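A look at the structure
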Amino acid sequence: MSPLLQTPEESTAPSRSGRKLARTTMGLERDKKRHGDFEDRRGDTLADEIGIVTTAPAPNGVDLVQESVSLIEYVARLGDFRSTQRQECYSLVRRMKSLLPLFDEIRFLGSAIPPNGIASLSKLKKVFCSAKKLLKTCNEGSKIYLALESEAMMVKFHAVHEKLCQALDELPFDEIEVSVEVREQVELMVTQLRRGKRRKDTQDMELAVDLMAISSKTDERNADIAIIERLAKKLDLNTVENLKKETIAISNVAKERGQTSECVEQIVEILNKFKQVFAMEVIDVFEDPVKPKLLSKSGSLVIPHEFLCPITLEVMRDPVIIATGQTFERESIQKWFDSNHRTCPKTRERLGHLSLAPNHALKNLITQWRQTKNYKSPNTEGLASPQGSSIKQEEISSLVEELSSCQLEVQRRAAKDIRMLSKENPESRILFAENGAIPALVQLLTYPDSKIQEHAVTALLNLSINDTNKKLIANEQAIPTIIDVLRNGRMESRENSAAALFSLSMLDENKVTIALSDGIPALVELLEQGTVRGRKDAVTALFNLCLNQANKARAIDAGIVPPLLLLLKDKKLNMVDEALSMFLLLVTHPQGRYEIGQLSFIGTLVDIIKKGTPKNKECAASVLLELSSNNSSHILAALQFGVYEHLVDISETGTNRAQRKARGLLQVMKTSDQLP
């Protein structure tokens, strides 16, 4: 018979191991149909992960290959990951998927897999189990927790990468007869993994400083609202639906770590701040985070899911369809568009147009259902201002016109009203900008009247919370004028000018504009001379500006180091964390290391490592590690100040991050022969 007419079974005589493979594969398929996919079964990964020797029969190569493939297929189906770890997750999934050709070749080998090959495959499967657990956490876990623990999560990813490299290095490619092409692909992947591990991680510093700001128990500046809104947007926690899901995720973290742990308390506090900004009810996440407020008011009434707006999770009154085919409450989606969003809130797809088409069929169904069930909606204020008030277009226009009045008192009152109305109402910020308030307010900054100046700069601060307004304010050449107020205004005006510069500097182009307009020396001056609040505003703005590498040198030239040292030494100011965070940023610059690596500074760092709070110790150890990694004389000086025993203690009892930094310092001592 011609080979072309033969069936696969006829064209190749299967060996005994090949027949065994076919039988085992079919058996696995039957098991999967009977019990569900491999990844959902229990009892086969826990013992692997904790190293318990079980009495189960030794694994064979075929089972290990199939189970590894099932794990890869599982992680490939996970979909989206949390924004803070998204890049690492997709990279790890991509690496795992690239191993499928290797498993395909092993699966269809005619020869038996040798014992050392089975041992390597078993080790590889354990790595996949660890990877699955890590990726599931990044897919389902609390977004706030993962943001706070971003560095610890990065360490876990590196550990998985290292174990994956080790397992692949041990695979006996020659003995299991893997093709040269597949072997080269695997070796290339291992090289890329090791190269990636050698690269320094670039922390999202904007995210870090925002978390630091809203976690502070002493800082209650007006700019906090801007930080909370920006952080919520960055973590994708700016809709009611996502905040409700986050509440459930946080309750799971609390069950694992304990309700009274410092980490859980911090997460809950941040979550509640998000909810307050978006006018959501603050509930106890430890009691009943799943039960929706709407259903608790409606008794046993079950509301069809299709009747709920995906944004507010309330029953729709005027449902409309957008370009992606999704349906929303008209008012909710219109406010989403008015906030300069051009994506679908549900699918995140970019919209081809912003037209709204009435969903008459659904509206009729909802109306009939309301009448049948005698359903009355609760008062919905999810997207209203925190005071529950709405601002009329006539009031907006009138106030903007009064900014150009010939009467000083009228201008002063209008600037104050705009300041107050834009403080906590996101909608008003857009409306004031659309009605021309920004150019008029910028003009008022040059007035000699101190009160007008104060109201104007604070109103611009509040308007700058909106990202589109940041660009409009910069385009009006407001930055040099704000810096002039920072230099010469009254103290409250100077403080709010610093906060405004912080808000505007969220745009990279504005970081450069502020620096070229001599904003950094003016902020350093406020850092030296200001009130506690003024210094906080100044250091926060300087931190954000110094995320630009060139601005680090400008800040050092402007004399930032001496006032930062004073913040470290004056415990009454309660700004040690802020100062250390600033030093940690500056120490990554060669000029910064030279300026701050003096003997007195090393002594201060060691003193904080000895006596500071857990957070202080963590940050001080980070700064010392960065200094010592570039100059071994710094670690010698630290040893002379008696740092060793305290590093040993921190390496065992400190926060997770502090332990890693302390161990890193002990390793530097060891490699530079400085251990006592």
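Under an unreviewed UniProt entry, the name given to the protein is RING-type E3 ubiquitin transferase, and the organism recorded is Gossypium darwinii. Listed in UniProt under the heading Pathway (unreviewed entry), the comment for the protein reads: "Protein modification; protein ubiquitination."

In terms of helices and strands, the protein carries 37 helices and three strands. The buried share of the protein, taken over its 676 residues, is 49%. The long-range fraction of contacts in the protein, counting pairs at least 24 apart against all pairs at least 6 apart in sequence, stands at 70%. When the accessible surface of the protein is totalled, it reaches about 33200 Å², and 50% of it is carbon and sulfur.

With that out of the way, let us pick up the sheet that holds strand β1 (residues 319-321). Reading across from one edge, β2-β1-β3 is the order of the three strands in this open sheet, with antiparallel pairing throughout. Strands with a single pairing partner mark the edges of an open sheet, and in this sheet they are β2 (327-329) and β3 (357-358). In terms of strand pairing, β1 meets β3 through two bridges, oriented antiparallel. Bridging from a neighbouring strand, I321 pairs with A357 of β3. In this fold helix α16 (residues 330-338) packs onto β1, β2 and β3, with an angle of close to 95° to the strand it touches most, β2.

Attention now moves to helix α22 (residues 450-463). Helix length check: α22 (14 residues) gives 20 Å between terminal C-alpha atoms against 20 Å at 1.5 Å per residue, within 8%. In terms of burial, α22 is a largely internal element, twelve of the 14 residues being buried. Those residues of α22 lying buried are I452, Q453, E454, H455, A456, V457, T458, A459, L460, L461, N462 and L463.

Turning our eyes to something else, we now look at helix α5 (residues 86-97). In this model, α5 (twelve residues) spans 16 Å end to end at C-alpha, consistent with the 16 Å of a helix rising 1.5 Å per residue. Those residues of α5 that fall on the buried side of the exposure criterion are C89, S91, L92, V93, R95 and M96.

With that settled, consider the packing of helix α30 (residues 561-569) against helix α31 (residues 576-586). At their nearest, the axes of α30 and α31 sit 8 Å apart, and the two run at 140° to each other. In this structure, the crossing between α30 and α31 has a hand that is left-handed. The segment α30 lies against α31, with V561, L564, L565, L567 and L568 engaging V576, A579, L580, M582, F583 and L586. The residue makeup of the contact of α30 with α31, split by class, is eleven nonpolar, no polar and no charged.

Calculation criteria
- Residues numbered from 1 in each chain as written.
- Predicted model: local features only at pLDDT ≥ 70, side-chain atom pairs only at ≥ 80, totals over all residues.
- Heavy atoms only, no water.
- UniProt positions renumbered as here; feature names shortened; annotations may be inferred.
- Helix = DSSP H or I, 4+ residues; strand = E, 2+ residues; numbered from the N terminus.
- Buried < 20%, exposed > 50% of the residue type's maximum accessible area, 1.4 Å probe, protein only.
- Contact = heavy atoms within 4.5 Å.
- Areas by Shrake-Rupley, 256 points an atom, 1.4 Å probe, with all protein chains shown as cover.
- Pairing = 2+ DSSP bridges.
- Axes fitted to C-alpha atoms, helices over the stretch in contact; angles between N-to-C directions.
- Expected span 1.5 Å × (residues − 1).
- Left-handed = near helix turned anticlockwise from the far one by under 90°.
- Nonpolar A, V, L, I, M, F, W, Y, C, P; charged D, E, K, R; others polar.

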